[in-house]
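Listed below are the residues making up each chain.
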Amino acid sequence: MKMTAKAAKKTKGGAKAPPAVTGKKSDKKKKKSDKVIVPTEDEVFQFAIKAEFVSRELDEIEKRFDIVSNMIAPRQRVSTGTLCLDYLWHGGLQPGMYQISGPEASGKTTLGFTAFGSIIRNANLPLTVMEDAEGTAGGDIQYVEQLLGVPLDTISGKNGIKRVRLYQENVIERMYDVMKETFRRFPYKVYDANTDSWFYRVKDATDKKSKFALEKMMALTGATKSDMESRNGSLYLPAPSRIEGVFFVDSYASLVTEREEEAESEDGDNRMAAEAGAFSKNIKRIIAPMASKGFSVFGINQTRENPGQKYGSPIYEPGGNALKFYSSVRDRVSPLVPGS
């Protein structure tokens, strides 16, 4: 390729400046980005070996830390018996937090009680618990029987078995203590993709905690250790794909913190902050075991209006942001407006 150069000019220091080059660059030199790289069969094979190596390493990590990758496993949803809720919740309840909120007289409590009664009658879950902080049931078993459509013996336990528990507890910390302890006594529930099946799992070890978990699993399921399969230092027992139980809370707005007596002497903002802090601290204690043990928490909350709100929506929900942030599903209901 021919190139022409102009005479170099001298600089002030006497050195010559580089000549200016004119002319077109060679077409023979192509940019690397223009070249399409096609991997060979050997390169593809080598990549597959690396992927298999990574998979084995992750299996070892899961074994070491006793975890199972079952986050996307299919579960059988438990119907609420209410068409609108089942439609909004893609068929019903899964492990997680569900919340319905609305203003006064919007039907949120009636909707929640209807769903809870249907779950008791039809789902046949091992455990259903109602935290009646608002006092809707009023401590009258017969009224609750009519309200939920549940046989009296199921609630009172005259037959020796109480599948339904009603608590009139309105202290935030105590309510979450009960949930946490309940989850602790249930075995882990994991999904095995190889067999497309669910299993209860406990660690097969001689320490006190593992023995406690094994005893509880045998008591809850009626199985013996010989019925369980031993894998990777853990014992596995076939389990149903549905949730294990439901905690129904009515309502979050009626719950108070243990610091309520101190907060009574403070202004409203400090009281709201104390309750929000109690929810934030205690919800974190149950989120992980709630999912890993297979439970749902179905709560009712109120919507209120802050007339002094200058920016944004004046509508808020008691309990702070933690209730919203940790909820799997949140829905609001509104009362019918005459003429609408």
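In what follows, the structure referred to is the one given above.
Residues numbered from 1 in each chain as written. Predicted model: local features only at pLDDT ≥ 70, side-chain atom pairs only at ≥ 80, totals over all residues. Heavy atoms only, no water.

A. Up close: the overall build of the protein chain. Per the secondary structure count, the protein chain includes ten helices and 14 strands. The buried share of the protein chain, reckoned over its 340 residues, is 36%. Counted over contacts in the protein chain with a minimum sequence separation of 6, partners at least 24 positions apart contribute 69%. (Helix = DSSP H or I, 4+ residues; strand = E, 2+ residues; numbered from the N terminus. Buried < 20%, exposed > 50% of the residue type's maximum accessible area, 1.4 Å probe, protein only. Contact = heavy atoms within 4.5 Å.)

B. Local environment of the pattern of salt bridges. Inspection of the entire model under this criterion finds eleven salt bridges. We note a salt bridge from Lys-189 to Glu-244, for which the minimum N-O separation is 2.6 Å. Of the two residues, Lys-189 sits in strand β6 (residues 188-192) while Glu-244 sits in the loop between β9 (234-239) and β10 (245-250), which places them 55 residues apart along the sequence. Pair check on accessibility: Lys-189 and Glu-244 agree, each one buried. With a closest N to O distance of 3.5 Å, Glu-229 and Arg-231 form a salt bridge. Classification of Glu-229 as partly exposed rests on a relative accessible area of 40%. (Salt bridge = Lys/Arg side-chain N within 4 Å of Asp/Glu carboxyl O.)

C. Representation of the nonpolar core. Judged by nonpolar contacts, the single largest core of 25 residues is most densely connected at Ile-100, Leu-148 and Phe-298. Counting residues per element, this core draws most heavily on helix α3 (residues 108-122), at six residues. Every residue in contact with Leu-148, bar those within four places of it in the chain, is listed here: Phe-113, Phe-116, Gly-117, Ile-120, Arg-121 and Met-130. Counting 23 residues, the second-largest nonpolar core is a separate cluster that includes Leu-127, Ala-133, Ile-283 and Leu-323. (Core = buried A, V, L, I, M, F, W, Y, C linked by side-chain atoms within 4.5 Å.)

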